Amino acid sequence: MASLDPPEQAPARRSTVHRWLLVIPFIWQVALVPVVNDVKLAPMHIPFPMLWQMLGIVATTIIIGLVFRLDRAAGVDDEERQFATATEPRVGERA
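Thresholds, definitions, all that
Residues numbered from 1 in each chain as written. Predicted model: local features only at pLDDT ≥ 70, side-chain atom pairs only at ≥ 80, totals over all residues. Heavy atoms only, no water. Helix = DSSP H or I, 4+ residues; strand = E, 2+ residues; numbered from the N terminus. Buried < 20%, exposed > 50% of the residue type's maximum accessible area, 1.4 Å probe, protein only. Contact = heavy atoms within 4.5 Å. Areas by Shrake-Rupley, 256 points an atom, 1.4 Å probe, with all protein chains shown as cover. Salt bridge = Lys/Arg side-chain N within 4 Å of Asp/Glu carboxyl O. pLDDT = per-residue confidence, 0-100. Axes fitted to C-alpha atoms, helices over the stretch in contact; angles between N-to-C directions. Parallel < 35°, antiparallel > 145°, perpendicular 65-115°, else oblique. Phe/Tyr/Trp six-rings, centres within 6.5 Å; stacked < 30°, edge-to-face > 60°.

Draft legend 1. The arrangement of the overall build of the chain in detail. Helix and strand content of the chain: four helices and zero strands. Along the chain, helices and strands appear, N-terminal first, in the series α-α-α-α. Sorting the 95 residues of the chain into buried and exposed places 15% on the buried side. Relative to all contacts within the chain whose residues are 6 or more apart in sequence, the contacts with residues 24 or more apart total 71%. Accessible surface computed for the chain: about 8200 Å², of which carbon and sulfur atoms make up 66%.

In structure tokens form, the structure reads like this:
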């Protein structure tokens, strides 16, 4: 006799719009370089482009941490855990 279990439903799509924040480091490090290279300012005797890159590293770290926290709040961890359990090799199967 056929099983009468209801079919599995796909989980509700979670909002991942916040991942667009990851574009900011790219713009900071790549797109604004031509503008920054012409700045003659040297705070603390550090050339401005070098200071710009160091600040970009700090900003990137903060943005990635923020996206990580927003992902966790959106429940992406649960989705990853379900995927990992569904794709792990079974006993006797080759990986």
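Draft legend 2. Region of the structure containing the pattern of salt bridges. Tallying each qualifying case throughout the model produces one salt bridge. For arginine 19, the salt bridge is made with aspartate 71, and the minimal N-O distance between the two is 3.2 Å. Of this pair, arginine 19 sits in the segment before helix H1 (23-31) while aspartate 71 sits in helix H3 (residues 48-73); the two residues are 52 residues apart in sequence, bridging distant segments of the chain. What makes arginine 19 partly exposed here is its relative accessible area of 36%.

Draft legend 3. Spatial organisation of the confidence of the model for the chain. Predicted confidence across the chain gives a mean pLDDT of 81, with 81% of residues reaching 70 or more. Here helix H4 (residues 76-87) is the element of the chain with the lowest mean pLDDT, 82, and H3 is the one with the highest, 91.

Draft legend 4. Region of the structure containing the environment of valine 23. With respect to the secondary-structure elements, valine 23 resides in helix H1. What makes valine 23 partly exposed here is its relative accessible area of 33%. Considering only alpha carbons, one finds valine 23 and threonine 60, 37 residues apart in sequence, at a separation of 9.9 Å.

Draft legend 5. Quick peek at the side chain of threonine 60. Relative to the assigned elements, threonine 60 resides in helix H3. In contact with threonine 60, not counting residues within four places along its chain, are Pro25 and Gln29.

Draft legend 6. Inspection of the packing of H1 against H3 at higher detail. Two numbers describe how H1 lies on H3: the axes approach to 9 Å, and their chain directions differ by 175°. Considering the angle they form, H1 stands roughly antiparallel to H3. Residue-level contacts link Ile24, Pro25, Trp28 and Gln29 of H1 to Trp52, Gln53, Leu55, Gly56, Ile57, Ala59, Thr60 and Ile63 of H3.

Draft legend 7. Molecular detail of the packing of aromatic side chains. This structure, assessed with the given rule, holds two aromatic pairs. Measuring from centroid to centroid gives 4.4 Å for tryptophan 28 and tryptophan 52, while their planes differ by 15°, and the two rings are stacked. Of this pair, tryptophan 28 sits in helix H1 while tryptophan 52 sits in helix H3, and the two are 24 residues apart along the sequence. Residue tryptophan 28 is classed as partly exposed on the basis of its relative accessible area, which comes to 22%. Ring plane angle 40° and centroid distance 6.2 Å describe the contact between phenylalanine 48 and tryptophan 52, whose orientation is recorded as tilted. A residue pair is termed a helical-turn pair when its members lie 3 or 4 positions apart in one helix, as phenylalanine 48 and tryptophan 52 do in helix H3 at four residues. An identical accessibility class is assigned to phenylalanine 48 and tryptophan 52; each is buried. An aromatic cluster of at least three residues, connected via ring pairs, comprises Trp28, Phe48 and Trp52.

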